[in-house]
Amino acid sequence: IYLEEGLDNDKFDTHPKTEKEYRAFRRSHNHIYYTIELLAPFCLMLLALVEKPATIKGMPVWAKGCLEITFISVILVLMVIRGMWLGWKNTFRQRRTIMKTVLIIGLLIDSFVEMVYNKYHFRFLRALRPLLLFDAHYLSGLRRVMRDIFYSLTPILDMLVLVFVFLTIFALFGYLLFSSMPDDQYFQTFKSSFVQMFVLMTTSNHPDIMTVQYDHKSWTPIFFDVFLLIGLYLLLNLFLAVVYGTFGDHEKNKFQKLHLHKRASLIKAFSLIVKEPDGVMKYGQ
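Here the structure is a predicted model, which means the values were calculated and not measured.

S.K.: Can you break down the overall build of the chain residue by residue, with the values?
M.R.: Of the regular secondary structure elements, the chain holds twelve helices and zero strands. Going residue by residue from the N terminus, the α and β elements of the chain occur as α-α-α-α-α-α-α-α-α-α-α-α. Radius of gyration (C-alpha) of the chain: 29 Å, far over the 19 Å computed for a compact globule of 285 residues. Counting only C-alpha atoms and orienting by the principal axes, one finds that the chain spans roughly 90 × 65 × 30 Å.

S.K.: So, the environment of Leu46: which residues are in play, and what are the values?
M.R.: Counting through the fold element by element, Leu46 comes out in helix α3 (residues 31-46). Through-space distance from the C-alpha of Leu46 to that of Val242 is 37 Å; in sequence the pair is 196 residues apart.

S.K.: Talk me through the packing of helix α11 (residues 208-216) against helix α12 (residues 220-273); I want residue IDs and the actual numbers.
M.R.: One can describe the packing of α11 onto α12 by two numbers: an axis separation of 8 Å at closest approach and a directional angle of 155°. In terms of orientation, α11 and α12 fall into the roughly antiparallel class. Residue-level contacts link Ile209, Met210, Gln213 and Tyr214 of α11 to Thr220, Pro221 and Phe224 of α12. Among the residues forming the contact of α11 with α12, the class breakdown is five nonpolar, two polar and no charged.

S.K.: Tell me about the environment of Met84, and name the residues and values.
M.R.: If you trace the backbone, Met84 turns up in helix α4 (residues 61-86). When its relative accessible area of 41% is taken as the criterion, Met84 is described as partly exposed. Here Met84 is in contact with Ala24 and Arg27, once residues within four sequence places are set aside.

S.K.: Which residues make up the pattern of salt bridges, and what values do they have?
M.R.: Counted according to the given criterion, the structure contains five salt bridges. Of the charged contacts, one joins Asp135 and Arg96 as a salt bridge, the two residues approaching to 2.8 Å between their closest N and O atoms. Of the two residues, Asp135 sits in the loop between α7 (130-134) and α8 (140-151) while Arg96 sits in helix α6 (residues 95-117), which places them 39 residues apart along the sequence. For Asp135, a relative accessible area of 14% corresponds to the buried category. Salt bridges sharing common partners tie together Lys64, Glu68, Glu114 and Arg129.

S.K.: Account for empty space enclosed by the protein, naming residues and giving values.
M.R.: Enumeration according to the criterion identifies one cavity of 30 Å³ or more in this entry. Tallied by class, residues from the lining of the largest cavity come to five nonpolar, no polar and three charged.

S.K.: Can you lay out the nonpolar core for me, pointing to particular residues and giving the numbers?
M.R.: Membership of the largest hydrophobic core comes to 20 residues, with the highest contact counts inside it found for Phe187, Met197, Leu200, Ile209, Phe224 and Phe227. Looking at this core, the elements that each hand over two or more residues are α9 (153-178), α10 (190-200), α11 and α12. What Ile209 contacts, discounting residues up to four positions off in sequence, is Tyr186, Phe187, Gln196, Met197, Leu200 and Phe224. Formed by 14 residues, the second largest nonpolar core is a distinct cluster that contains Leu44, Leu47, Phe71 and Leu107.

S.K.: Go over the side chain of Glu37, please, and point to the residues and values.
M.R.: Topologically, Glu37 is positioned in helix α3. No salt bridge is formed by the buried Glu37; the nearest opposite charge belongs to Lys100, separated by 5.0 Å. Not counting chain neighbours up to four residues away, the residues in contact with Glu37 comprise Leu78, Asp135, Ala136 and His137.

S.K.: Tell me about a nonpolar patch on the surface, residues and numbers included.
M.R.: There is a patch of nonpolar side chains on the surface, built from Leu142, Met146, Ile149, Phe150, Tyr151, Leu153, Leu157 and Leu160 and spanning about 730 Å² of accessible area. Those elements that provide at least two residues to the nonpolar patch are α8 and α9. Of the residues forming the nonpolar patch, the biggest block, five residues, is contributed by α8. By relative accessible area, Leu160 is classed as partly exposed at 42%.

S.K.: Now, about the side chain of Ser111: what can you tell me, with residues and values included?
M.R.: Counting through the fold element by element, Ser111 comes out in helix α6. A residue is classified by how much of its surface remains accessible, and Ser111, at 0% relative accessible area, is buried. Beyond its immediate sequence surroundings of up to four residues, Ser111 is in contact with Gly65, Glu68, Ile69 and Arg123.

S.K.: Give a detailed account of α6, specifying residues and quantitative values.
M.R.: Each α-helix turn comprises 3.6 residues. Residues three or four places apart therefore point the same way. With 23 residues, α6 should reach 33 Å at 1.5 Å per residue; the first-to-last C-alpha distance of 33 Å fits that figure. Taken together, the buried positions of α6 are Thr97, Lys100, Thr101, Leu103, Ile104, Gly106, Leu107, Leu108, Asp110, Ser111 and Glu114. Asn118, located one to two residues past α6, shows a positive phi value of around 55°.

Rules behind the numbers
Residues numbered from 1 in each chain as written. Predicted model: local features only at pLDDT ≥ 70, side-chain atom pairs only at ≥ 80, totals over all residues. Heavy atoms only, no water. Helix = DSSP H or I, 4+ residues; strand = E, 2+ residues; numbered from the N terminus. Rg over C-alpha atoms; globule rule 2.2 N^0.38 Å. Axes fitted to C-alpha atoms, helices over the stretch in contact; angles between N-to-C directions. Parallel < 35°, antiparallel > 145°, perpendicular 65-115°, else oblique. Contact = heavy atoms within 4.5 Å. Nonpolar A, V, L, I, M, F, W, Y, C, P; charged D, E, K, R; others polar. Buried < 20%, exposed > 50% of the residue type's maximum accessible area, 1.4 Å probe, protein only. Salt bridge = Lys/Arg side-chain N within 4 Å of Asp/Glu carboxyl O. 1 Å grid on protein atoms, 1.4 Å probe; cavity = no way out; pocket = protein on both sides within 12 Å on 5 of 7 lines; lining within 4 Å. Points joined across faces, edges and corners; volume = space filled by probe spheres on them. Core = buried A, V, L, I, M, F, W, Y, C linked by side-chain atoms within 4.5 Å. Lys, Arg positive; Asp, Glu negative; His and termini not counted. Patch = residues over 30% accessible without salt bridge, like charges linked within 9 Å, V, L, I, M, F, W, Y side chains within 5 Å. Areas by Shrake-Rupley, 256 points an atom, 1.4 Å probe, with all protein chains shown as cover. Expected span 1.5 Å × (residues − 1).

Scope: geometric values only; no functional claims are made or implied.
Set out below in structure tokens:
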């Protein structure tokens, strides 16, 4: 069990100490449980194929609602089994479990309302169904990546604000400098100017964006070259470096914690095997 807790990154304070806890642990740590945990939310997502505005027709509202409630009930049963192992107090200390419970309650209410009125209505909670799939054991790696992305948002948002300010400044200058030109179609309004400068950072509209201005003012390439030099070659590369560095740091820290947790589980398992007072395993053991 210690080895499984090390592999699954389970905390040692939930280690089963009684026969009842051991049976609950085994019920929630086997391939049958893991497979059902993966298939139930996946089948729930497949219901989108027969829900409006899907093109596949033929399933009544009540039949689809019964299937949805069935799949959600399976997920609830799995949560109860897991709660019997962790204990309800430890279970609802986890923010992930709380959010999952709130989402399931919302989906159940939404489905019951749909079945009562026997017609489809706008359901924004359907877009959150994939979150139930991320909680599956077999998708723990994907869940870790999503968590690292979430924790990396703060420096990424800082860089996005910097890029936005940079685009706003050059879009304003472009609007003031080139909006008066009669043949111009890129800088007639500030909104159009901002959109075109944003596209220019990808060089998709280069050099078309400056050909009209070049016919009237020969110095206009300097404006666009300075923008590309700062935006494309400096800011975008800096943004990529910040994203890569921040995400890499979180991934490295998480990997270190996982490695230390596995090592601690090995130490605990080894201590159960070794009975010698000096802590050394004999050759015969």
